[in-house]
Amino acid sequence: MDEEHLRRAIALAGEARSSGNPPFGSLLVGPDGSVLAEDRNSSVSDGDITAHPELKLARWAGRELDADTAARTTMYTSCEPCGMCAGAIARSGLGRVVFALSSGQLDGLRTSGGGFPAVPTDGPHLYDEAKVPIEGYYDV
Ligand SMILES: [Zn+2]
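Structural notes, computed from the coordinates. Source: prediction; values computed, not measured.

A look at the pattern of salt bridges
For side chains of opposite charge, pairing can occur when their charged atoms come near one another.
And then number 1: Considering all chains together, one arrives at 10 salt bridges under this definition.
And then number 2: With a shortest N-O distance of 3.0 Å, Arg-72 and Asp-68 are connected by a salt bridge.
And then number 3: Notably, a salt bridge pairs Asp-107 with Arg-110, separated by 3.0 Å at the nearest N-O pair.
And then number 4: For Asp-107, a relative accessible area of 46% corresponds to the partly exposed category.
And then number 5: Exposure remark for Arg-110: the relative accessible area of 32% places this residue in the partly exposed category.

What to know about the coordination of the zinc ion
And then number 1: Within the protein, the atoms that donate to the zinc ion are His-52 (ND1), Cys-82 (SG) and Cys-85 (SG), at distances of 2.1 to 2.3 Å.
And then number 2: The class for Cys-82 is partly exposed, based on a relative accessible area of 29%.
And then number 3: Cys-85 sits in the buried class, given a relative accessible area of 0%.

Regarding the sheet that holds strand S2 (residues 35–40)
And then number 1: One open sheet holds the four strands; their spatial order is S2-S1-S3-S4, and the pairing between them is mixed. The strands lining the two open edges of the sheet, one partner per strand, are S2 and strand S4 (96–101). On average, each strand axis in the sheet is inclined to that of its neighbour by 15°, with strand direction left out of account.
And then number 2: Pairing between strand S1 (residues 25–29) and S2: five bridges, direction antiparallel. Within S2, the residue paired with Leu-27 across the bridge is Glu-38.
And then number 3: Strands S1, S2, strand S3 (74–79) and S4 of the sheet are contacted by helix H1 (residues 3–18), whose axis makes an angle of about 145° with S1.
And then number 4: Of the strands in this sheet, S1, S2 and S3 are in contact with helix H2 (residues 53–64), which crosses S2 at around 145°.

Criteria and cut-off values
Residues numbered from 1 in each chain as written. Predicted model: local features only at pLDDT ≥ 70, side-chain atom pairs only at ≥ 80, totals over all residues. Heavy atoms only, no water. Salt bridge = Lys/Arg side-chain N within 4 Å of Asp/Glu carboxyl O. Buried < 20%, exposed > 50% of the residue type's maximum accessible area, 1.4 Å probe, protein only. Donors = N, O, S within 2.8 Å, 3.2 Å for Na, K, Ca; no water. Pairing = 2+ DSSP bridges. Helix = DSSP H or I, 4+ residues; strand = E, 2+ residues; numbered from the N terminus. Axes fitted to C-alpha atoms, helices over the stretch in contact; angles between N-to-C directions. Contact = heavy atoms within 4.5 Å.

What follows is the structure, given as structure tokens:
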């Protein structure tokens, strides 16, 4: 754990807030300790509900890093990644995430609630039809 990198993530969160966006920031630190990329939440200015810094950096890592480098790269982030970002981080192949605030600590700082209600889901259905495009895909 490197407090300098976490402090940079917190500074990026402040920059996000100053630009009218939710206050979250993140960076990627490569195997040699250098900062590879950093980003801020831009969900308001971009009009994009997915514009979390962790998701943007996970996408960057998946696009720009080979698997070995990604596995030895650490994401430092101002807050524990949300479920959406955690899913993208898992797919990115990044090796580790270090966060400042936990999700519970963030909830404790919210005075007007926050979070999002779960969307009801309905399934499974049509197994015999839905399996057709999947069968064999993962066997190679
Ligand atoms: Zn997120």
